[in-house]
Amino acid sequence: EPEVTQTPSHQVTQMGQEVILRCVPISNHLYFYWYRQILGQKVEFLVSFYNNEISEKSEIFDDQFSVERPDGSNFTLKIRSTKLEDSAMYFCASSPGTASNQPQHFGDGTRLSIL
Amino acid sequence: AQSVTQPDIHITVSEGASLELRCNYSYGATPYLFWYVQSPGQGLQLLLKYFSGDTLVQGIKGFEAEFKRSQSSFNLRKPSVHWSDAAEYFCAVGSRSGGYNKLIFGAGTRLAVHP
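Residues numbered from 1 in each chain as written. Chains lettered and ligands numbered in written order. Predicted model: local features only at pLDDT ≥ 70, side-chain atom pairs only at ≥ 80, totals over all residues. Heavy atoms only, no water.

**Thoughts on the interface of chain B and chain A**
Every contact between the two is made by 23 residues of chain B and, on the other side, 20 residues of chain A. Between chain B and chain A the total buried area reaches about 1,900 Å² when both faces are included, carbon and sulfur atoms providing 57% of it. The interface formed by chain B and chain A includes one salt bridge. Residues Glu56 of chain A and Lys102 of chain B are paired through a salt bridge, measuring 3.0 Å at the closest nitrogen-oxygen approach. (Contact = heavy atoms within 4.5 Å. Buried area = accessible area lost by both parts, 1.4 Å probe. Salt bridge = Lys/Arg side-chain N within 4 Å of Asp/Glu carboxyl O.)

Below is the structure:
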């Protein structure tokens, strides 16, 4: 069964540094998402992306965050200047559409640790 | 605002016992409801979904869930738990904003299974 793949599985970065989290969505999917889960807290929506533009973003997704689909397969989340509170598990998800019978498929996540 | 409540943070059951995980949602329209499972170090795997029609939905791994509109609930059940079911379980509601789905998750219920 096709999978969403995320790399790296664990990223350790110094505070203030830029970090790029990478995702390869399922190949025929058109809608892409990033979520995050701070340790011990619930999974939170960050951003959705369709047709090469952001379709919705949460209040968490401030100017430090950006997303990009640089080619036909990758979908990236960039944090420009990381803060301690950015430490979390980041999940990428994709779906073929937003219709009711097309749920989101998640990757295994990237654990981001900010020192 | 849409929200999902999972009242039980931790549940412990014996192997072979039945299981019910509770989920209550707040959503203005007919909700799209999901249960995901997260094993340690893994991503979120879809167990089952409800969009419309039969209020009792069957999922993978022997799980089922029942949508009860009058109670705003979508509880997950399994008649006989296996040790491999130990994981964290997340209930989510699909929020359609501007035509694009985002998932709003509950805080999760961590399931432990005693032999």
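**Remarks on the state of the cysteines**
All names here are of chain A. Using the criterion set out here, one finds two disulfides over all chains in the structure. With its sulfur 1.9 Å from that of its partner, Cys23 forms a disulfide with Cys92. One disulfide, between Cys23 and Cys92, carries an S-S torsion of -65° and so falls in the left-handed class. Highlighted residues: Cys23 in strand β3 (residues 19-24) and Cys92 in strand β9 (residues 88-95), separated in sequence by 69 residues. (Disulfide = S-S within 2.5 Å. Helix = DSSP H or I, 4+ residues; strand = E, 2+ residues; numbered from the N terminus.)

**Notes on the pattern of salt bridges**
Residue and element names in this part refer to chain B. Counted under the stated rule, the structure contains eight salt bridges over all chains. Between Lys78 and Asp85 there is a salt bridge, with the nearest N and O atoms lying 2.8 Å from each other. For the pair formed by Lys78 and Asp85, the shared burial category is buried. One salt bridge connects Arg110 with Glu88, and the closest N-O pair in it is separated by 2.8 Å. A residue pair is termed long-range when its members are at least 10 positions apart, and Arg110 in strand β12 (residues 109-114) and Glu88 in strand β10 (residues 87-97) qualify at 22 residues. Of the residues examined, Arg110 reaches a relative accessible area of 39% and is grouped as partly exposed. On the accessibility criterion, Glu88 (12% relative accessible area) is buried. Bridged by salt links that share partners, the residues Glu64, Glu66 and Arg77 form one connected network. (Buried < 20%, exposed > 50% of the residue type's maximum accessible area, 1.4 Å probe, protein only.)

**Quick word on the side chain of Ser95 of chain A**
All names here are of chain A. Relative to the assigned elements, Ser95 resides in strand β9. In this structure Ser95 comes out as buried when scored by relative accessible area, which is 0%. Among the polar contacts listed, one links the side chain of Ser95 to the side chain of Tyr33, at a separation of 3.3 Å. Among all residues touching Ser95, those that are not within four sequence positions of it are His29, Leu30, Tyr31, Tyr33, Gln102, Pro103 and Gln104. (Polar contact = N/O pair within 3.5 Å; in protein donor to acceptor, adjacent residues only side chain to side chain.)

**Some thoughts on the nonpolar core**
Residue and element names in this part refer to chain B. Ranked by size, the top nonpolar core spans 28 residues in total, and within it Leu19, Trp35, Leu47, Leu48, Phe74, Leu76 and Tyr89 carry the most contacts. With four residues, β10 is the largest single contributor of residues to this core. In this view, Leu47 contacts Trp35, Tyr36, Val37, Gly59, Ile60, Lys61, Phe63, Leu76 and Tyr89; residues no more than four positions away in its chain are not counted. (Core = buried A, V, L, I, M, F, W, Y, C linked by side-chain atoms within 4.5 Å.)

**Quick look at the environment of Phe74 of chain B**
Residue and element names in this part refer to chain B. Tracing the chain through its elements places Phe74 in strand β9 (residues 73-78). The exposure class assigned to Phe74 is buried, which follows from its relative accessible area of 0%. Counting along the chain gives 49 residues from Phe74 to Tyr25, while the straight-line C-alpha distance between them is 7.8 Å. In contact with Phe74, not counting residues within four places along its chain, are Cys23, Leu33, Phe34, Trp35, Leu48, Lys49, Tyr50, Val57, Ala65, Glu66, Phe67 and Cys91.

**With respect to the pairing of strand β6 (residues 44-50) of chain B**
Residues and elements named next belong to chain B. As paired elements, strand β5 (residues 32-38) and β6 share six bridges and run antiparallel to each other. Within β6, the residue paired with Gln38 across the bridge is Leu44. Counted along the chain from β5 to the antiparallel partner β6, the turn is five residues long, and its residue Gly41 has a positive phi close to 75°. (Pairing = 2+ DSSP bridges.)

**What to know about unusual backbone geometry**
Residue Pro8 of chain A is bonded to the preceding Thr7 of chain A through a cis peptide linkage, with omega at -10°. Examined against the element boundaries, Pro8 of chain A turns out to sit in the loop between β1 (5-7) and β2 (10-13). Positive phi outside glycine occurs at Lys61 of chain B, with the angle close to 60°. Secondary-structure assignment places Lys61 of chain B in the loop between β7 (56-58) and β8 (64-68). Judged by relative accessible area, Lys61 of chain B falls into the partly exposed class, the value being 45%. At Ser72 of chain B, a residue that is not glycine, the phi angle is positive and equals roughly 50°. Tracing the backbone shows Ser72 of chain B in the loop between β8 and β9.

Distances and angles like these do not, on their own, reveal function.
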